[in-house]
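# Tertiary structure, described
Single-letter residue listing:
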Amino acid sequence: MLRSILATLTALFLVSLTAKAESLKPSWHCLPAETTVALRLPDGAAFYRAMQATAIGRHLFSEDRVAEYLNILQDEAGDDWREVREMLDRLGMEPEDFPRVLQGESGVALVINPPGDREPGDTDLFVFFWAEPGPDLGGQLLDGWLQTIEERDTEHPTTRVDFSLAGHDIIHLASPQTLPGPGGDPFVTHNAHTLLTRIGGRLLGVMTLHSGPDFATVFRSFEDDTMELPAPDPEPGETLLGLFARFLQAHDGEDGEFHRSLMTTPGLQEALPGGVPGLDFAINPEPLFRLAEENDDPEVRRVLEALGLLDVGNLVFRGALDGTIMRWGALVSAPEPRRGMVDTLLSQPELAPRPPAWVPATATDYTQVSLDLGDLYSRVVDIVIGVAGDEAEQGFRMMEMQVEGMTGEDVATTLSSIGHHHSFVMFPMDESVDLAERFASGDFFTDRMAFVWAVRNDDVWQRIMQSIAMFAPMTGGALQRSEEQGFAGWRVEEDSFQGGLFLGGGFLTLGLGRGTVEEVLSNLRRPPEGEHSLAGSDLYRDAQALLDARPGLHWEIQDLGRQMRDIALTLRAAIEADLDEGEPWLSGRSIERLSGILDPDVIGNAFRVGTSQTFATRDGMVMESAQELTPADD
């Protein structure tokens, strides 16, 4: 009878613990106001299931593939793998259990200099971490970790103290941190403190990262041979306890101030994508600004004000899988009115989200950015002179004289002469080249890319082209003058690299890679038409369906299938090449496995089109991106 009553009470207790754990809000919502940087995986299991509906997810992250990765790791790690297995045995885990650690919400966050007592000049860093591996695995992880620490044979062992905080059982670990003394013997400089607890299937913790005594104190003790350093504090300290208490209390009550601040950021909800979230990342710059100002240096504040950074608020980023479309969204909070460098960058002329006529359909990537380099330079000069004074001004004047002697214009006018519209285009690799042979010979440049500008002042660049002649002899013949297809400029022709800088027809072109210059100049002279142009291609039409494109500061379109195929070709060639004096850097068995995983056709067919854009709003700067993935075959 007694046994039945005890069993019933135990069951009710376990049910109550489970219910309490399930009712806990996400730990991301509970971080303290002083949090500076935070990253989380919102629901590892849900995102994994969503990825399995895509061809790339099925190809790279199936259970069989994960097992194959573990086999490669085991083959290559050697004795190190035996140590890993011994550790896993102590934890009661198998290698296949690793993904389970991230099956729920997991994350890490950094807190810098929260309010509290600190020595002048000290910086206190605290790292929060959490995961939801489930009750069984969570208990195994915690018990195994503690057992490993207790069994560690060291002259300065970690000490453990258990106590209660905010209604939870806490484990406090104080780990002595050492430096070698003048005689080589280690001595303890301070303790690193860690607080741990488990609530149902959730593990929560915080640890200190501050450096203890400053290095000047340590080195002075070396020189004086006194070794008189403050005794390491065995206690976690009120600041650490207070931070962790607030973190724990928020799990049962109202959201922490960090999350409330994020959610009330104007414009945030419109910027974040829908779908199954895979990654959240946030930065709160206010503690960083406060840290800079604590130095009591008026120049620091003047620089921050000149840059306009004091008007910048939270940065929030999210990646999510919306069906078979991977979406990314971010907001940098910078409400109007804006000042300084931030205002310069966000006030650039907007560009229409459409590739120019000269971009061919064969391009694998076209990117455009709006930025007047002359305006940017002028702003930088004002900031530097405002801080450094007359000496910096004299340096800029000398540079201005040199540039004006070469171009006939000052630096700002010269930089602005290429216009604010910067175009970047990439082409498929030349597959006729044996990549493995090139890598083995030390030639790793395989990209074919070009930068193109519609110049505002042709005379400036004519003079620059003429001035290059003064430096060409110093290159030993690698730099040669050339006239091609109505363009004039300079070519570089070497075994491992080809490229050139050309001017003509109102365009300035910098081409890098085999055959790039010829292709770009040909398209500039006679733009492709219809489906042969990127603007008339199916790729462009598909990209328009992915995002609500709008005029902005940046826009990009990618043929992801061809890009990823080129990447797979490059990676496979790299692992197959004898990179270390004829000796492979992986075993033959591992190379064979990885070559099979990096099948260029399979990887290329798993991706379709990608597009991204950046634009300014009254609330700040918004960045959006979408990549269409191929559905998995059922």
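Residues numbered from 1 in each chain as written. Predicted model: local features only at pLDDT ≥ 70, side-chain atom pairs only at ≥ 80, totals over all residues. Heavy atoms only, no water.

### Remarks on the pattern of salt bridges
- Taken as a whole, this structure holds 22 salt bridges when the rule is applied.
- Here arginine 318 ties to aspartate 280 by a salt bridge, and the two come within 2.7 Å at their closest N and O atoms. Residue arginine 318 is located in strand β9 (residues 315-322), and its partner aspartate 280 is located in strand β8 (residues 276-283); the two are separated by 38 residues in the primary sequence.
- On the accessibility criterion, aspartate 280 (3% relative accessible area) is buried.
- When the shortest N-O distance is used, the salt bridge between glutamate 628 and arginine 608 registers 3.4 Å. Taken together, the positions of glutamate 628 in strand β20 (residues 620-629) and arginine 608 in strand β19 (residues 607-617) put the pair 20 residues apart, joining distant regions of the chain.
- Connected through salt bridges with shared partners, the residues Arg40, Glu105, Asp280 and Arg318 form a single ionic network. (Salt bridge = Lys/Arg side-chain N within 4 Å of Asp/Glu carboxyl O. Helix = DSSP H or I, 4+ residues; strand = E, 2+ residues; numbered from the N terminus. Buried < 20%, exposed > 50% of the residue type's maximum accessible area, 1.4 Å probe, protein only.)

### Some remarks on the layout of surface pockets
- Its boundaries defined by the atoms lining it, the second largest pocket holds a volume of some 750 Å³.
- As for the second largest pocket, its lining consists of 25 residues, of which Gly44, Tyr48, Phe61, Pro99 and Leu102 are closest to the centre.
- Mapped by element, the contributors of at least two residues to the lining of the second largest pocket are α2 (44-51), α4 (63-77), α6 (98-101), β8, β9 and β10 (325-333).
- Looking at the lining of the second largest pocket, the element that brings in the most residues is α2, giving five residues. (1 Å grid on protein atoms, 1.4 Å probe; cavity = no way out; pocket = protein on both sides within 12 Å on 5 of 7 lines; lining within 4 Å. Points joined across faces, edges and corners; volume = space filled by probe spheres on them.)

### Concerning the pairing of strand β18 (residues 554-559)
- Of all six residues that make up β18, six are buried, and the element is covered over most of its length.
- Of the two faces of β18, the one carrying His554, Glu556 and Gln558 and the one carrying Trp555, Ile557 and Asp559 are both buried.

### Observations concerning the confidence of the model for the chain
- Looking at the chain as a whole, the pLDDT averages 85, with 87% of positions reaching at least 70.
- Contacts for the low-pLDDT stretch residues 1-21, under 50 throughout, to residues beyond four places or in other chains number six contacts. (pLDDT = per-residue confidence, 0-100. Contact = heavy atoms within 4.5 Å.)

### Quick word on a nonpolar patch on the surface
- Together, Met406, Met470, Phe471 and Met474 make up a nonpolar patch on the protein surface, roughly 430 Å² of accessible area in all.
- One can find phenylalanine 471 in the loop between α19 (458-468) and β14 (479-484).
- Residue phenylalanine 471 is classed as partly exposed on the basis of its relative accessible area, which comes to 39%. (Patch = residues over 30% accessible without salt bridge, like charges linked within 9 Å, V, L, I, M, F, W, Y side chains within 5 Å. Areas by Shrake-Rupley, 256 points an atom, 1.4 Å probe, with all protein chains shown as cover.)

### Overview of the environment of leucine 243
- Turning to its location among the elements, leucine 243 is positioned in helix α9 (residues 238-252).
- Relative accessible area serves as the criterion here: at 1%, leucine 243 is assigned to the buried category.
- Other than its neighbours up to four places away in sequence, leucine 243 contacts Pro32, Glu34, Val111, Pro114, Phe126 and Phe128.

### A few points about helix α15 (residues 373-388)
- Look at α15: 22 Å from first C-alpha to last across 16 residues, which is about the 22 Å you get at 1.5 Å a residue.
- With a side-chain oxygen lying 2.9 Å from the backbone nitrogen of glycine 374, the N-terminal cap of α15 falls on aspartate 372.
- In the stretch just after α15, glycine 389 is the one whose phi turns positive, near 85°. (Expected span 1.5 Å × (residues − 1). Polar contact = N/O pair within 3.5 Å; in protein donor to acceptor, adjacent residues only side chain to side chain.)

### Some words on the side chain of histidine 259
- Within the secondary structure layout, histidine 259 lies in helix α10 (residues 257-263).
- A polar atom in the side chain of histidine 259 sits 3.3 Å from the side chain of histidine 29.
- Contacts of histidine 259, omitting those with residues within four sequence positions, involve Trp28 and His29.

### So, the packing of α4 against helix α5 (residues 79-91)
- Contact geometry for α4 and α5: axes closest at 5 Å, N-to-C directions at 120°. Considering their axes alone, α4 and α5 lie oblique with respect to each other. Between α4 and α5, the contacting residues are Leu70, Leu73, Gln74 and Ala77 on the first element and Asp79, Asp80 and Trp81 on the second.
- Residues belonging to the contact of α4 with α5 are distributed by class as follows: four nonpolar, one polar and two charged. (Axes fitted to C-alpha atoms, helices over the stretch in contact; angles between N-to-C directions. Parallel < 35°, antiparallel > 145°, perpendicular 65-115°, else oblique. Nonpolar A, V, L, I, M, F, W, Y, C, P; charged D, E, K, R; others polar.)

### Brief notes about the side chain of threonine 35
- Mapped onto the elements of the fold, threonine 35 is located in strand β1 (residues 35-41).
- A polar contact of 2.8 Å, which involves the side chain of threonine 35, links it to the backbone oxygen of proline 32.
- Once you skip the residues sitting within four places of it in the chain, threonine 35 turns out to touch Ala109, Leu110, Val111, Phe258, Asn284 and Pro287.

### Quick look at α5
- Its 13 residues place the ends of α5 19 Å apart at the C-alpha level, agreeing with the 18 Å of an ideal helix rising 1.5 Å per residue.
- Every buried residue of α5 is accounted for by Trp81, Leu88 and Leu91. The arc that holds the buried residues of α5, viewed along the axis, is 70°, so those residues lie on one side. With respect to the buried face of α5, the exposed residues turned more than 90 degrees away are Arg82 and Glu83.
- Downstream of α5 by a residue or two, glycine 92 has a phi angle that is positive, lying close to 70°. (Arc of directions from axis to C-beta.)

### Details of the packing of aromatic side chains
- The tally for this structure, following the rule as stated, stands at eleven aromatic pairs.
- For the ring pair phenylalanine 317 and tryptophan 328, a centre distance of 5.6 Å and an interplane angle of 25° mean the geometry is stacked. Taken as a pair, phenylalanine 317 in strand β9 and tryptophan 328 in strand β10 lie far apart in primary sequence, eleven residues in all.
- Phenylalanine 317 sits in the partly exposed class, given a relative accessible area of 25%.
- Tryptophan 328 gets classed as partly exposed once you look at its relative accessible area, which sits at 29%.
- A centroid spacing of 6.5 Å and a plane angle of 85° characterise the contact between tryptophan 358 and tyrosine 366, whose relative ring orientation is edge-to-face. Of the two residues, tryptophan 358 and tyrosine 366, neither departs from the other in class, the shared state being buried.
- Through a chain of ring-to-ring contacts, the aromatic side chains of Phe128, Trp130, Phe244 and Phe247 assemble into a single cluster. (Phe/Tyr/Trp six-rings, centres within 6.5 Å; stacked < 30°, edge-to-face > 60°.)

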